[in-house]
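# Coordinate inspection notes
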Amino acid sequence: MVDDEREELRVLTDLLRRQSYHVRSAADGAAGYQSALAQPPDLILLDVRMPVVDGFAACRLLKADPVTRDIPVLFLSALDDPDERVAGLAIGGVDFITKPYHPAEVFARVRIHLELAGMRAAAAVAVVAATTVQPAPAPASNVSQLHPEPHFHPHPDAVVTDAAMRLIDDNLAAPLTLAGIARALGTYEKRLSQAFRQQAGITVFAYLAEARMMRGRQLLVDTDMTVQQIAEQTGFRSAANFATAFREHAEATPTAYRQSVRRAVGDA
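Residues numbered from 1 in each chain as written. Predicted model: local features only at pLDDT ≥ 70, side-chain atom pairs only at ≥ 80, totals over all residues. Heavy atoms only, no water.

### Description of the environment of Thr161
Relative to the helices and strands, Thr161 resides in helix α6 (residues 156-170). A relative accessible area of 3% means that Thr161 is categorised as buried. A sequence separation of 34 residues divides Thr161 from Ala195, and the C-alpha atoms of the two residues are 6.2 Å apart. The residues contacting Thr161, other than those within four sequence positions of it, are Ala195, Phe196, Gln199 and Ala200. Here the side chain of Thr161 touches Asp157 through a polar contact of 2.8 Å, landing on its backbone oxygen. At 3.3 Å, the side chain of Thr161 and the backbone oxygen of Ala195 are in polar contact. (Helix = DSSP H or I, 4+ residues; strand = E, 2+ residues; numbered from the N terminus. Buried < 20%, exposed > 50% of the residue type's maximum accessible area, 1.4 Å probe, protein only. Contact = heavy atoms within 4.5 Å. Polar contact = N/O pair within 3.5 Å; in protein donor to acceptor, adjacent residues only side chain to side chain.)

Following this line, the structure appears as structure tokens:
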């Protein structure tokens, strides 16, 4: 469980332990992420509003890391804002519990998501068993363990870069800035820039520009949206700005590109 409010952390930890759950606690998103890496839990209760690395930033890191990406994350928040709830679910949370919460509701949601995670793990084991030629020996520990010991862990910069790419891909229409992206991942601009160059071989804004153009191509081909609508969906202030950038990228205007692709499909 991760929460910067010590009293709330203590109370809910005690309540969960009385229900026979083994609970580890952390006071901020960075500590919670590191704790999950060191010993992956079966489930994470994660506060949203925390200093430095908030719950959303921690969740993005958790979901970008192969060691922790399958752990169910349940958000806890005092803000009952529908947009915030949707944002939490969009970045990988499985549930959203509003503070002040009723203990019985927390117990029920924790139990449900542990059961669901257990069923997913059992299904994955069954698939592996069905596709394995030689039967594997039974593990020494509980076969329903949700998070077996990983064989490797990616470099922290790779996790940050992957999380940043996911954030950019999900928010192409937003006025993204380097500072805003870094803040959303609980890091700082210099580290994010260095990680991107080392891991992706390009700058953050080069990736952003390429992602916007790729989304623009996809929308031109797969939808009947106007150029103005596509410009809005890809973060451009106007259709003219989008058309100029697209022409430099694809050596064709958006309209000409759409027509050429559709003609090629029709002739195929």
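After that view of the structure, there is still more to cover.
### Overview of the packing of helix α3 (residues 55-64) against α6
Put simply, α3 and α6 touch, their axes get as near as 8 Å, and they point 110° apart. Judged by the angle between their axes, α3 and α6 are roughly perpendicular. Crossing of α3 over α6 shows right-handed handedness. Two secondary-structure elements touch here, α3 through Arg60, Leu61, Lys63 and Ala64 and α6 through Val159, Val160, Asp162, Ala163, Arg166 and Leu167. (Axes fitted to C-alpha atoms, helices over the stretch in contact; angles between N-to-C directions. Parallel < 35°, antiparallel > 145°, perpendicular 65-115°, else oblique. Left-handed = near helix turned anticlockwise from the far one by under 90°.)

### Some thoughts on the sheet that holds strand β2 (residues 73-77)
The three strands are arranged β1-β2-β3 in an open sheet whose pairing can be described as parallel. Both edges of this open sheet fall to β1 (44-47) and β3 (95-98), since each of them pairs with a single strand only. Within the sheet, the average angular offset between the axes of one strand and its neighbour, ignoring direction, is 30°. Note: β2 against β3, four bridges, orientation parallel. Within the sheet, the bridge partner assigned to Phe75 lies in β3 and is Phe96. α3 rests against β1, β2 and β3 of the sheet, and its axis sits at about 175° to β2. (Pairing = 2+ DSSP bridges.)

### As for the packing of aromatic side chains
Across all of its chains, the model carries six aromatic pairs by this definition. Ring geometry for Phe56 against Phe75: centres 5.2 Å apart, planes inclined by 85°, an arrangement best described as edge-to-face. Pair noted here: Phe56 is in helix α3 and Phe75 is in strand β2, with a separation of 19 residues, a long-range link. Summarising the burial analysis for this pair, Phe56 and Phe75 share the class buried. When the ring of Phe75 is compared with that of Phe96, the centres are 5.8 Å apart and the planes differ by 40°; the resulting orientation is tilted. Of the two residues, Phe75 sits in strand β2 while Phe96 sits in strand β3, which places them 21 residues apart along the sequence. The rings of Phe236, Phe242, Phe246 and Tyr257 are connected pair by pair, giving a single aromatic cluster. (Phe/Tyr/Trp six-rings, centres within 6.5 Å; stacked < 30°, edge-to-face > 60°.)

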